[in-house]
Every structure is written in structure tokens, then in C-alpha cells.
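# What the coordinates show
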Amino acid sequence: MFTDKSRSRGTDAPGAGLSLEGIAKHYGSVRAVDDVSLTIEPGQFVTLLGASGSGKTTLLRVIAGFLEPSAGRVLIDGRDVTAVPVHRRNIGMVFQSYALFPHLSVARNIAFPLAMRGMRKAERRELVTQALESVHLPGYEDRMPAQLSGGQRQRVALARAIVSRPSLLLMDEPLGALDRRLREVLQVEILKLSRELGLTVVNVTHDQEEAFTMSDRIALLADGKLVQYASPEEIYTRPVSDVAAGFLGEANLLRGVLTRAADGRLTLPAQDGHVEIDAATAVRSAPDAGDEVVVVVRPWSVGVERLGRDGAEPGAPCWLRGRLSAVIYAGDSQKLIVERPDGSEVVVRRSMDGQFEAAPGEEVLLTWSSRDAVVTTAG
Amino acid sequence: MRAGLFVRVFGLVFAAILIIPTVVVTATAFTEGSIITFPPQGMSWRWFEEVLTDPVWTGAIRTSLTVGVLAAVIAVLVGTSLALAAARSGLLPSSLVVAVGMTPMVVPLVVVAIGVYFVYVRIGLYGGILSLALAHAVLGVPFVLVNVLAALRSLDPHVEEAARACGAGPVRTLLRVTVPQILPAALIGGLFAFITSWDEVVVAIFLNTPTLRTLPVVIWGQVRSGLEPSTSAVATILTVVSLVVFALTAAISSRRSRSRRVH
Ligand SMILES: Nc1ncnc2c1ncn2[C@@H]1O[C@H](COP(=O)(O)OP(=O)(O)O)[C@@H](O)[C@H]1O
Ligand SMILES: [Mg+2]
């Protein structure tokens, strides 16, 4: 119903396209955002993902218009809006702190953007009712924000952000203040709602799981720079750097300089182990001897077995020896932590059906196929 | 323990010193006799009756109320504007605005009074009720400024940003989102400004004319020409009004903190 209405009004196409061209924001010598360019297609759900301080909020505020970039342009549907003030950008915004108007009822909070656009009262009421239904809070019109729980407040804030069909929905860690269960429920609801309305969404989070479940594309930021901009699957399977590999999903990172063995195969030198490289798994250019690389091995790709006492070298192309230092049961999987002779750790994941029966302290052998590893570079 | 006892005794003595004069004055207002005595003789409302039917006293009460309300309104407008300028505009350094707004609290009252007197005589404002209200408003501005500034600083800045994102320009954001949120604080500041004017005597004496005398000025005149129980009655009225206004500020702040409660 909500969607039909927007179609019949016909004035606003669902979401807008967004382009960032060389956006930078400097504070003195701090480069909060450093030359970020990316394009978001209409209707896409994009997440800005990165560690705390990586520039996510700064970039989002540049998109919203709260901050003027030191360099670069912001284009909404091809139009340069870099100099357009916030209130004329036709955006919806959701903050981690909810930011409801404390002196206004729920209904008047949600009606606020409509009133600002000059809509008449009678029309507003119907849209407010619909918006409240779409966030599963029917009948909450007359409550005051102080009478709502955190989750309810964020639902109201979401209703307020979408009620006027903005061309962009911007969210800065919208679920950051909520408990885990509620966060997961709202992730699904927000995603569903934004799809139904065809909204273009830019969401900020430091939670990789949230980024993974919600996004069409993830813009991975580190130190203000765009590390990788791709679908979650692509970042997971083809991380452009160790930073990207480490951020999305668990990863074992093996670093070193490649050498070429007598038989022509590329290997990464490893103490108490042997790591062959499959050149086809290289994310960037074809690797060669002398290249400094990072080999990414996902915990799920690693096989583990007890080490025989004979001390014979295993014949597998990729193997490492180590001592099992911990066995952790993490929900639906078994997590093994193996300490290597050089002090580094390798994480192994097993399904609960294929549990590895061993006690910490035992010597183990880790093996994997070189095709399941990814060769990338240090970021 | 001994320190605690000392603090308690000291507190009691101090409170007694503060309260006893008020109690004495109030008690003498209810005397049946025609001179001020403590303890009062009997118990009667006759001096209150006399005050409320004497045109000198009722005129002074009316003048005081008018000046106080006008001063409070002006102080609220000016103080709130200054606070907004300090906290939000970015045009002037906030510390400068605060320093200017707070000077009436620091400068001795006599100096303010003489200064206002000279300026008013020079520019021809002397003698008007609005002129006195204006001078009193200056004394009330710091209360509004401090209160509103504190309220502004405790606001979530994202709320105003949310308004901007909702399509409200800076002015509409100010009027429809910022100001309503600081209204209780401005109101409390205004009530303090009213009390300041209500019992202010130095500036009021400098600016008094035969037709422009506030309650404290008339009391001052009466006291110099000999005390009567009617003066005590007026003083009691003065105190009661102050207490009522003070209770009002307390009510507003407790309501505000209740509506702010977070779950
Ligand atoms: N107003 C500011 N002045 C100076 N430095 C700032 C300012 N805002 C942000 N920064 C710096 O810019 C970097 C990025 O900040 P931010 O965008 O808030 O990161 P994130 O949202 O990813 O945690 C941080 O190093 C932060 O300290
Ligand atoms: Mg942030």
C-alpha cells in the first residue's frame, strides 16, 4: 500500500543515484576522508564499513551536506549538490542517538518533514499512519518520545526519515545503541522497507556482519581512504588487500616474499611448513618471485589432523605445523586456535558435525588447498 | 563524625541567621498593636487590610509587578538571543558574548545604577516605567543567559541536524526545534529575572520619581520615616510573591527533568 501510493503520486522516482568524485575532508593535518570516489546506483543499499576513526561519519556528513568537503564533488542524480544546503537535498537521515524532537509527539515528529515540504494537515495524517504501520508501530501517534523504548524510538526515527520519500536515506550506525537481538530484527526490517520503497541507502557501520547481511555493496574505508568498493561476496572472496581481508570475515594472513622452487612453483617461505601459491588466486597482477604478498586463508578452508610422531614431511602442497592452544565452541561452529612456532596464531573453523577431537597442547597439522587461498598485497 | 557534626551545627546556625529576620518581620506584620513589637501582640490581618487599601502601597505594588514582568520579558528575549548567538551562530566568539552578558552580575549595583541614571538623563529616558524595566532587565539577563546556555549545551546536536535533514532551514530549525527545547530554561531564567527586579532597590531608587516608585523604594522611604507594622505587612507580601515565583521555577525544572527521563 505504501509503495502503491508512491507510484501513484508519481512525482518522485524511488531512490536517486549518488556519485562521489574525489571527496576529501581535512582537519589540519588529519585526513578524515582522503580522495574517495564511488558511484551508487538508484535503489542500492550501500554500507560504509570501517574501523572507528576510518572516516565513515565524516563521509556520510559530506553526503548529507553537514560538512563541506575540502575537495571533490557530490552528485545526486547527476546534479552537483556540493554547494546545496542540507535542507534542500531531499534526504532522510537516521542517527545512532535517534534524535527525535523531544517536545513533539510521535505523529508530529513523523509529520515534520511533510510540514516542511508544505503538505496540508489532512494529507499528512494519512502518510503518518502509513509510515507508522510500515515500521510496525501502528497506533503510537500520540506518544511522546520519552515514553518509547530505544528500539521504538529508532523505528519512529526511521518512519520520519522515509515518510517524505527522500531520494537518499542516510544512516549513521542506526542500530549501534540497540542490543544484539533487536539489531538483527531491525536489520531485516530496514532492508525490507528500503527495498519496498526502492530507496537508495547509505548506511554506516563498523559491524561487518551487519554490512554483510544488509548491503548490495560495501565501501570499505581505512584511514579515510576507500580500500575496496564491491559486493560483500567479492570483498570476501577477492579482498584487494590484507586490510580488506581482515575486515570482512575471519582470516589467517600469511605474509612474506615469494620464492620460486626448482620445479617452477611459487612458494611462501614458512617455518615448520610449506605454502604453495596458485597464481590464479591472485587478486591483483600475476605474482612473481620477489613479490611481497599476503596469503589469505579462511578458517573454514583449513583441514586439521593430529601430527604423527614419525616427523616425516607431509606431502600436501600447503601445510603448517602448530600446537593446539584453544578449542572454543562458538554457537554453531567449533573454533580451533593453533599456535605456530613463531608465536603467530592460525584459526580453524569446523562445523559441529565435523568436530575435531583433541585437547589443547597437542601438536597438529594444518592443510589446505592452494586454490582456496587468496594472494593479495599489504594495504 | 565530628566534622559531620560541625557541618550540621554550622548549617543550622547559618540557616537560622538567614531565616530568623524573615520570620521576625513576618510575625510583626500580624500584630494587633500599632507599633512594631516582637513577639507581636495578638494576631490580626489589620495591617494587611490597611496596606491593600492604601493607594500609595497598591500603586507601588502595581508598579513593581509591571516593572518586574516587563523586565523579565525583556531579559528572556535578550538573554535567550545572547545564548543562541554564543552557542549556535558562530559569528561571535561564545566567550565574548557570555562575558558581555554576565557583566551586570559582576559590576557593583551602585555603578550600574549611576551609569544607567546618567545615560537616561542624557538621552531623555529618565522617569518612564519602561526605562526602569529596561535597567532591571539588564540585571536579569545573566540568569536567562546562564540557564539557556546550559540547556543548549545539554541538547543533542543531532536533533537540530535531524530537523535540517527533514527539510527545515536554519531559521525554522531554530524556531521549531531549538527554541521549544530551551523554553523551560528560558522561563526559569525569566522568573529569576522577575525576582531580581521585584526586590531590587538601588537602581530603583536612582530612577525613582514621585510617580514611579516600586515597592522596595516605598518601603525604604517608610523605614527612614519610622517603622510601622504596615511596612512589615508589605515586606511579608514581598516575600510571599518571591517564594511563589521561586516555587514556580522549582516546579518547571522538576517537570523538565521528568520529561527528559530516558528509559
Ligand atoms: N571536527 C573534527 N576535527 C578534527 N578531526 C576530526 C573531526 N571530525 C573527525 N575528525 C577525525 O577524522 C577521523 C575520522 O572520523 P570519523 O569520520 O568520525 O570516523 P568514524 O565515523 O569512521 O569513526 C578521525 O581520526 C577523527 O578524529
Ligand atoms: Mg562514526
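Because the structure is predicted, anything quoted here is derived from the model rather than measured.

## Details of the interface of chain B and chain A
Facing 22 residues of chain B, the contacting portion of chain A comprises 24 residues. A buried area of about 1,900 Å², summed over both sides, lies between chain B and chain A, and 63% of it is on carbon and sulfur atoms. Our enumeration of links across chain B and chain A arrives at 1 salt bridge. Of the charged contacts, one joins B:Glu161 and A:Arg61 as a salt bridge, the two residues approaching to 2.6 Å between their closest N and O atoms. For the side of chain B that touches chain A, the elements supplying multiple residues, two or more each, are helix H7 (157–165) and helix H8 (170–198) of chain B. Residues of the side of chain B that touches chain A, tallied by class, amount to 10 nonpolar, 6 polar and 6 charged.

## Notes on the packing of aromatic side chains
Scanning the model with the defined rule gives 13 aromatic pairs over all chains in all. Each ring, one from B:Phe6 and one from B:Phe10, has its centre 6.2 Å from the other, and the planes form 25°; the classification is stacked. In this pair, B:Phe6 and B:Phe10 are both assigned in helix H1 (residues 2–28), 4 residues apart and thus about one turn of the helix distant. Here the basic side chain of A:Arg160 rests over the ring of A:Phe101, its NZ or CZ set 4.5 Å away from the ring centre. Over the aromatic face of A:Tyr229 sits the side chain of A:Arg217, whose NZ or CZ is 4.2 Å from the ring centroid.

## Section: the pairing of strand S9 (residues 217–222) of chain A
Residues and elements named next belong to chain A. Examined bridge by bridge, strand S3 (residues 45–50) and S9 share 5 bridges and lie parallel to one another. Counterpart to Val46 in the pairing with S9 is Arg217. The sheet contact formed by S9 and strand S10 (residues 225–230) spans 5 bridges and is antiparallel. Bridged to Leu220 within S10 is Gln228. Linkage of S9 to S10, two consecutive antiparallel strands, is achieved through a turn of 2 residues, within which Asp223 is found at a positive phi near 50°.

## With respect to the domain arrangement of chain A
For chain A, the domain assignment lists domain 1 (18–237) and domain 2 (250–376). Taking only C-alpha atoms, the centre of domain 1 of chain A and the centre of domain 2 of chain A are 40 Å apart.

## Quick notes on the pairing of S3(A)
Residue and element names in this part refer to chain A. In terms of burial, S3 is largely enclosed, as 6 of its 6 residues are buried. Neither face of S3 is exposed, since Phe45, Thr47 and Leu49 on one face and Val46, Leu48 and Gly50 on the opposite face are all buried. Where S3 lies against strand S8 (residues 201–205), 5 bridges are found, and the strand directions are parallel. Bridging across to S8, Thr47 finds its partner in Asn203.

## Concerning the pattern of salt bridges
Residue and element names in this part refer to chain A. Under the counting rule described, the total for this entry stands at 20 salt bridges over all chains. Between Asp216 and Arg195 there is a salt bridge, with its nearest N and O atoms 3.0 Å apart. You can see Asp216 sitting in the loop between helix H7 (208–214) and S9 and its partner Arg195 sitting in helix H6 (residues 180–197), a full 21 residues away along the chain. One network of salt bridges, with partners in common, ties together Glu21, Arg73 and Asp80.

## Concerning the site of ligand 1
Residue and element names in this part refer to chain A. Residues in contact with ligand 1, as listed here, are Tyr27, Ala32, Ala51, Ser52, Gly53, Ser54, Gly55, Lys56, Thr57 and Thr58. Alone, ligand 1 offers 560 Å² of accessible surface; in the complex the protein occludes 58% of this. It is helix H2 (residues 56–64) that provides the largest number of residues to the shell around ligand 1, a total of 3 residues. Looking at the shell around ligand 1 residue by residue, the classes come out as 3 nonpolar, 6 polar and 1 charged.

## Description of the side chain of A:Glu276
Residue and element names in this part refer to chain A. Position of Glu276 relative to the elements: it lies in strand S14 (residues 273–276). A polar contact is formed between the side chain of Glu276 and the side chain of His274, at a distance of 3.3 Å. Residues in contact with Glu276, not counting those within four places in the same chain, are Arg265, Leu266, Thr267, Pro317, Cys318 and Ser370.

## Digging into the confidence of the model for chain B
Summary statistics for chain B give a mean pLDDT of 90 and a share of 97% for residues scoring 70 or more. Among the prediction metrics, the complex's ipTM stands at 0.84, with pTM recorded as 0.84.

## Observations regarding the sheet that holds strand S15 (residues 292–297) of chain A
Residues and elements named next belong to chain A. Pairing is antiparallel in the open sheet, where 3 strands are placed in the order S11-S15-S21. In the strand order of this sheet, the two ends are held by strand S11 (252–257) and strand S21 (374–376), each with one partner. Within the sheet, the average angular offset between the axes of one strand and its neighbour, ignoring direction, is 25°.

## Some words on a positive patch on the surface
Residues A:Arg108, A:Lys121, A:Arg125, B:Arg172 and B:Arg176 make up a contiguous surface patch of positive charge. Of all the secondary structure elements, the ones that give two or more residues to the positive patch are helix H4 (121–134) of chain A together with H8 of chain B. Along the chain, A:Arg125 turns up in helix H4.

## Thoughts on unusual backbone geometry
At the junction of B:Phe38 and B:Pro39, the peptide bond is cis and its omega measures out at -5° in the coordinates. Secondary-structure assignment places B:Pro39 in the loop between H1 and helix H2 (46–53). Phi angles above zero are rare outside glycine, and A:Asp35 is one such case at about 55°. Take A:Asp35: it is sitting in strand S2 (residues 30–40). Judged by relative accessible area, which is 55%, A:Asp35 ranks as exposed.

## Notes on the sheet that holds S8(A)
The strands making up a sheet associate through backbone hydrogen bonding, with each pair oriented either parallel or antiparallel. Residue and element names in this part refer to chain A. Spatially, 6 strands are ordered S6-S7-S8-S3-S9-S10 in an open sheet, and the strand pairing comes out mixed. Bordering the open sheet on either side are strand S6 (91–95) and S10, each of which pairs with just one other strand. Strand-to-strand twist across the sheet, computed as the mean angle between neighbouring axes with direction ignored, equals 15°. Of the strands in this sheet, S3, strand S7 (168–172) and S8 are in contact with H6, which crosses S3 at around 140°.

## Regarding a nonpolar patch on the surface
A contiguous nonpolar surface patch, about 760 Å² in accessible area, is contributed by B:Phe6, B:Val7, B:Phe10, B:Phe14, B:Leu18, B:Ile19 and B:Val23. According to the relative accessible area criterion, B:Phe6 is exposed, its value standing at 57%.

## Here's the deal with the nonpolar core
Counting residues in each nonpolar core, the largest one holds 45 residues, and the members touching the most others are A:Leu18, A:Leu59, A:Phe101, A:Phe112 and A:Leu170. Ranked by residue count, the leading element in this core is H2(A), at 5 residues. Ignoring any residue separated from it by four or fewer positions in sequence, one finds A:Phe101 in contact with A:Asn109, A:Phe112, A:Pro145, A:Arg160, B:Val159, B:Ala162, B:Ala163, B:Cys166 and B:Val177. B:Phe48, B:Ala60, B:Val144 and B:Ala233 belong to the second largest nonpolar core, which has 43 residues in total.

Reading the values: rules and limits
- Counting restarts for each chain, with residues numbered from 1 along the sequence as it is written.
- Chain A is the first chain written and ligand 1 is the first ligand written, with later ones labelled in order.
- Local features are withheld for residues below a pLDDT of 70 in this predicted model, meaning they are given only at 70 or higher, and side-chain atom pairs are given and counted only at 80 or more; totals for whole chains, interfaces and linings count all residues.
- Just so you know, side-chain values use all the structure's heavy atoms and leave hydrogens and water out.
- In this description, contact between two residues means that some pair of their heavy atoms is separated by no more than 4.5 Å.
- As used here, buried area is the combined drop in accessible area, with a 1.4 Å probe, of two parts when they are placed together.
- When a carboxyl oxygen of Asp or Glu lies within 4 Å of a side-chain nitrogen of Lys or Arg, that pair is called a salt bridge.
- Numbered from the N terminus, helices here are DSSP runs of H or I no shorter than four residues, and strands are runs of E no shorter than two.
- The nonpolar class holds Ala, Val, Leu, Ile, Met, Phe, Trp, Tyr, Cys and Pro. Asp, Glu, Lys and Arg form the charged class, and all remaining residues, Gly among them, are polar.
- Two rings from Phe, Tyr or Trp (for Trp, the six-membered ring) form a pair when their centres are within 6.5 Å of each other. A pair whose planes differ by under 30 degrees is stacked, one over 60 is edge-to-face, and the rest are tilted.
- Cation placement over rings: the criterion is NZ of Lys or CZ of Arg within 6 Å of the ring centroid and within 35° of the ring normal.
- At least two DSSP bridges between two strands are needed for those strands to be called paired.
- Note that the domain bounds reflect an automated or database-derived domain assignment.
- Only protein chains enter the accessibility calculation, which uses a 1.4 Å probe. A residue is then buried if its area is under 20% of the maximum for its type, exposed if over 50%, and partly exposed in between.
- Nearness here has a simple test: a residue counts as near a molecule or strand if at least one of its heavy atoms is within 4 Å of that partner.
- For the accessible areas, the method is Shrake-Rupley and the probe is 1.4 Å, while residue cover comes only from the protein chains on display.
- Whenever two N or O atoms come within 3.5 Å, that pair is a polar contact, provided that in protein one can donate a hydrogen and the other can accept it, and provided that, for residues adjacent in sequence, both atoms are side-chain atoms.
- Known as pLDDT, the predictor's per-residue confidence is scaled from 0 to 100.
- Axis geometry follows a simple rule: fit a line to the C-alpha atoms, using only the stretch in contact for helices, then measure angles between N-to-C directions, giving values from 0 to 180 degrees.
- Only residues whose relative accessible area exceeds 30% and that form no salt bridge enter a patch; like-charged residues are grouped when within 9 Å of one another, and nonpolar side chains (Val, Leu, Ile, Met, Phe, Trp, Tyr) when within 5 Å.
- Asp and Glu count as negative and Lys and Arg as positive, but His and the ends of the chain are not part of the count.
- We put the charge of a Lys on NZ, of an Arg on CZ, of an Asp on CG and of a Glu on CD.
- Buried residues of nine kinds, namely Ala, Val, Leu, Ile, Met, Phe, Trp, Tyr and Cys, make up a nonpolar core once their side-chain atoms join them within 4.5 Å.

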